[in-house]
Amino acid sequence: MTYEKCTLLGFLNYPITQLSRHKERQNLGSRVIKNSLAPFTIGIVTLAFLIIHPAIADVTIAGVDGESENNVRLTLPIAKEKCDSPKWKVAHQFNDSESGIDQGMRAFGYYHATVEKSLNFDKDCWHANFNISPGPRVAIAKVDINIIGAAKYDDEFAQLLDKLPLKPGSPLHHGTYEAMKKKLQSLALSKGYVKADFTEKKLIIDKNSNTAQIRLAFDSGQRMVFGDISLSQDILDESLLKKYISFKPGDFYTSDDLAKTHNALSKSGYFDTIDIKSDLDNDQQGQIPINIKLTPKKRAHYGFGVGYDTDIGPLLNATYINRRINRHGHFFTSNLDISPVLSTAEMEYFIPLDDPLSDFLTFSGGLKREHTDTFKSLSAILSTRWKHAYSNSWKQTLFLDYVYENFTADSDSGDTFLLIPGGSWLISVSDNPIRPNNGYRIELETKGSYEFQPVSDVSFLQGYLAATWLHELPYGGKFIGRTVQGATLVDQINQLPTSYRFYAGGINSVRGYAYKELGPKDSAGNVEGGKFLSVFSAEYEHPVFDNWGVAAFVDTGNAFNLDSINLKTGVGLGVRWYSPVGPIRVDFAVPLDKANSDFQIHFSAGPRI
């Protein structure tokens, strides 16, 4: 019996996941879901190279396939030679090829491989042929893994041992054997057995019987706990900062807790760099000191941009963020959008609560000016909101808005004050934040007001649902289903300001019709908005190149009152470019019912969910 060492060659691929965040914004009660072209910069660089290499010679490997063939080819130096390599060098490597083949085959448990080979030279190149007979494969006869130390009584180690793939009767695979050892070491480190090590690790091969024995002795040592936590930063109170730390002195040391803490501090938005170090060399009676060094981001952030939205026209945007108002973690955001149809100015002050990652109290104010073909309005809002993110991905916002709106429609006008309590719930789930193939988004909202002069002028109750579903189909296509539903209880629709009436038409409504073109009409034929909204959309999208796709869609729906329901339908085709910032969509849509124009071109950017 001998102790064997072999070589297993291969490649490791690390996926790069891009994460994106989206700011959910409500424009002063408007039911517009705005898909303006966010300012971004996309560089396109095209490089063309014509590189002429000497031809690679033909090396044929027969008798084995799959990972065995690939590994043998990687262990054969002759496989890397070119046609213009010196003849003496090719011949030398050909003569020594048995050692490389033997090494490559042993990695998969073949210790009796034989080879027939030939080498031919012609005027242009040379050709090598290797016909390998693998022979019998070594099987595992016995597996003896002994856990020593505190981990001996740890249930997770017992579960890992039960799941290890190499068991008596299994074919030998050196890569799997090495992976077994790494799994034991990784589990130990993740659970705080930081001094764990193998006191014995043997793979014993009996070539005569084609069997192997695995003998491992793994001493976990003492399970460590977190010691003193040293914080190096000067921008936040430690009482707030400790809320982002998922462990405390005396808790069992785990790498998961360190990763959660790093992730929480990163999501906080306060810090530019986060450095968490475990002082393993200075543990004191099983306690590991933790040093956390934080470098703050710049206090102020300014942003400016130019965009275009087919619903509201050219768009100018400016943002200002103050990331640190005080040491309690308060911060401030503001946003200004200016366009011919819809302009908004918003400010919001954030106060983190007990869980600063999921709970905020905010105070906000804003102005909105909206001029469409059917109405004009100018409104102001003061609001307080409690925002909570649940662990199941739902986001909840409970709010109290005080709104003033001056509005003018074709058939009515007015000045209205409203005190509006309400709540909204949002969930967005996808398999890829930039280019999703499967996922869904659901947004629910309910709100209302009670007439109480002079505080609130109108009594109403309103509910709203918007949902999008993406599902991957065969051959790379995907189905996108979308619906928007709304209902209002109010005596007369013209009592409500226009921002709280329902309209249809536009990029996120019924395509083929202009922005807010659709809705119930008064006696003069002017659109006045409705109490109800119902929109359905079905779309098929199919890729044609790596980053391009085409789409076909049908949308139907309208805003209406119960005494007159008249659904409108639009159909069309679209082009999709899957850019680095998300899909950019251009849709050509035709109305199938009477409309203000014969067609509409809709343009939007960003993920749907």
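Residues numbered from 1 in each chain as written. Predicted model: local features only at pLDDT ≥ 70, side-chain atom pairs only at ≥ 80, totals over all residues. Heavy atoms only, no water.

Asker: So what about the pattern of salt bridges? Which residues, and what values?
Answerer: Within the structure shown, the criterion is met by 28 salt bridges. Residue Lys191 is joined to Glu156 by a salt bridge in which the shortest nitrogen-to-oxygen separation is 3.2 Å. Here the residue Lys191 occupies a position in the loop between α5 (174-190) and β6 (197-206), and Glu156 occupies one in helix α4 (residues 155-163), the gap between them amounting to 35 residues. Residue class for Glu156 comes out partly exposed when judged on its relative accessible area of 38%. A single salt-bridge network, built from bridges that share partners, covers Lys478, Arg482, Arg511, Glu539, Glu541, Asp555, Arg576, Asp587 and Arg608. (Salt bridge = Lys/Arg side-chain N within 4 Å of Asp/Glu carboxyl O. Helix = DSSP H or I, 4+ residues; strand = E, 2+ residues; numbered from the N terminus. Buried < 20%, exposed > 50% of the residue type's maximum accessible area, 1.4 Å probe, protein only.)

Asker: Outline the packing of aromatic side chains, supporting the account with residue identities and numerical values.
Answerer: In this structure the tally under the stated criterion is 21 aromatic pairs. Measuring from ring centre to ring centre gives 5.9 Å for Phe460 and Tyr500, while their planes differ by 55°; the resulting arrangement is tilted. In this pair, Phe460 is assigned in strand β20 (residues 460-472) and Tyr500 in the loop between β21 (478-489) and β22 (532-545), connecting sequence segments 40 residues apart. We note that Phe460, like Tyr500, is buried. Following the ring pairs from residue to residue traces out a cluster consisting of Phe157, Tyr193, Phe198 and Phe218. Sitting above the plane of the Phe121 ring, Lys87 keeps its charged end 5.0 Å from the centroid. Here the guanidinium or amino end of Lys117 rests over the ring plane of Phe94, the centre of that ring lying 4.5 Å away. (Phe/Tyr/Trp six-rings, centres within 6.5 Å; stacked < 30°, edge-to-face > 60°. Lys NZ or Arg CZ within 6 Å of the ring centre and 35° of its normal.)

Asker: So, the pairing of strand β19 (residues 439-449): which residues are in play, and what are the values?
Answerer: Judged from the nine bridges that link them, strand β18 (residues 413-430) and β19 form a sheet pairing that is antiparallel. What sits directly across from Ser428, in β19, is Arg441. Alignment of β19 against β20, held across 11 bridges, turns out to be antiparallel. The residue of β20 that forms the bridge with Arg441 is Thr468. (Pairing = 2+ DSSP bridges.)

Asker: Report on the state of the cysteines, specifying residues and quantitative values.
Answerer: Summed over all chains, the structure comprises one disulfide. Through a disulfide, Cys83 is tied to Cys125; the S-S separation comes to 1.9 Å. Linking Cys83 and Cys125, the disulfide has an S-S dihedral of approximately -85° and is accordingly described as left-handed. Taken as a pair, Cys83 in the loop between α1 (66-75) and α2 (87-95) and Cys125 in the loop between β3 (114-121) and β4 (126-133) lie far apart in primary sequence, 42 residues in all. (Disulfide = S-S within 2.5 Å.)

Asker: Account for the environment of Arg327, with residues named and values stated.
Answerer: Structurally, Arg327 can be placed in the loop between β12 (313-322) and β13 (331-338). Counting along the chain gives 27 residues from Arg327 to Ala300, while the straight-line C-alpha distance between them is 15 Å. Not counting chain neighbours up to four residues away, the residues in contact with Arg327 comprise Asp234, Ile235, Leu236, Asp237 and Leu240. Within the structure, Arg327 has its side chain in polar contact with the backbone oxygen of Asp234 (distance 2.8 Å). From its side chain, Arg327 meets the backbone oxygen of Leu236 in a polar contact 3.2 Å long. (Contact = heavy atoms within 4.5 Å. Polar contact = N/O pair within 3.5 Å; in protein donor to acceptor, adjacent residues only side chain to side chain.)

Asker: So, the sheet that holds β3: which residues are in play, and what are the values?
Answerer: Read across the open sheet, the three strands follow the order β2-β4-β3; overall the sheet is mixed. Edge strands, defined here as strands with exactly one partner in the open sheet, are β2 (58-62) and β3. Going across the sheet, the axis of each strand differs from the next one's by a mean of 10°, ignoring polarity. Summarising the sheet, β2 and β4 pair through five bridges and their orientation is parallel. Each bridged residue has a counterpart across the sheet, and for Asp58 the counterpart in β4 is His127. Each of β3 and β4 touches α2; the most contacted strand, β3, lies at about 170° to it. (Axes fitted to C-alpha atoms, helices over the stretch in contact; angles between N-to-C directions.)

Asker: Account for the sheet that holds strand β8 (residues 225-232), with residues named and values stated.
Answerer: Consider a sheet: its strands pair through backbone hydrogen bonds, and that pairing is either parallel or antiparallel. Read from one edge of the open sheet, three strands run β8-β10-β9, paired in mixed fashion. With partners counted over all chains shown, the strands left at the sheet margins are β8 and β9 (271-278), one partner each. The sheet shows a mean angle of 20° between the axes of neighbouring strands, taken without regard to direction. Note: β8 against strand β10 (residues 287-296), six bridges, orientation parallel. Bridging across to β10, Ser232 finds its partner in Lys293. Sheet strands in contact with helix α7 (residues 255-267) are β8, β9 and β10, and its direction is about 165° off that of β9.

Asker: I'd like to hear about the packing of α4 against α5, residue by residue, with values.
Answerer: In contact at an axis separation of 11 Å, α4 and α5 are set at 165° when each is read in the N-to-C sense. In terms of their interaxial angle, α4 and α5 are classed as roughly antiparallel. Read as a crossing pair, α4 and α5 show a hand that is right-handed. Each of Glu156, Phe157, Leu160 and Leu161 in α4 lies in contact with α5, whose residues at this interface are Lys183, Leu184, Leu187 and Ala188. A per-class count over the contact of α4 with α5 returns six nonpolar, no polar and two charged. (Parallel < 35°, antiparallel > 145°, perpendicular 65-115°, else oblique. Left-handed = near helix turned anticlockwise from the far one by under 90°. Nonpolar A, V, L, I, M, F, W, Y, C, P; charged D, E, K, R; others polar.)

Read these as layout, nothing more, since geometry by itself doesn't imply function.
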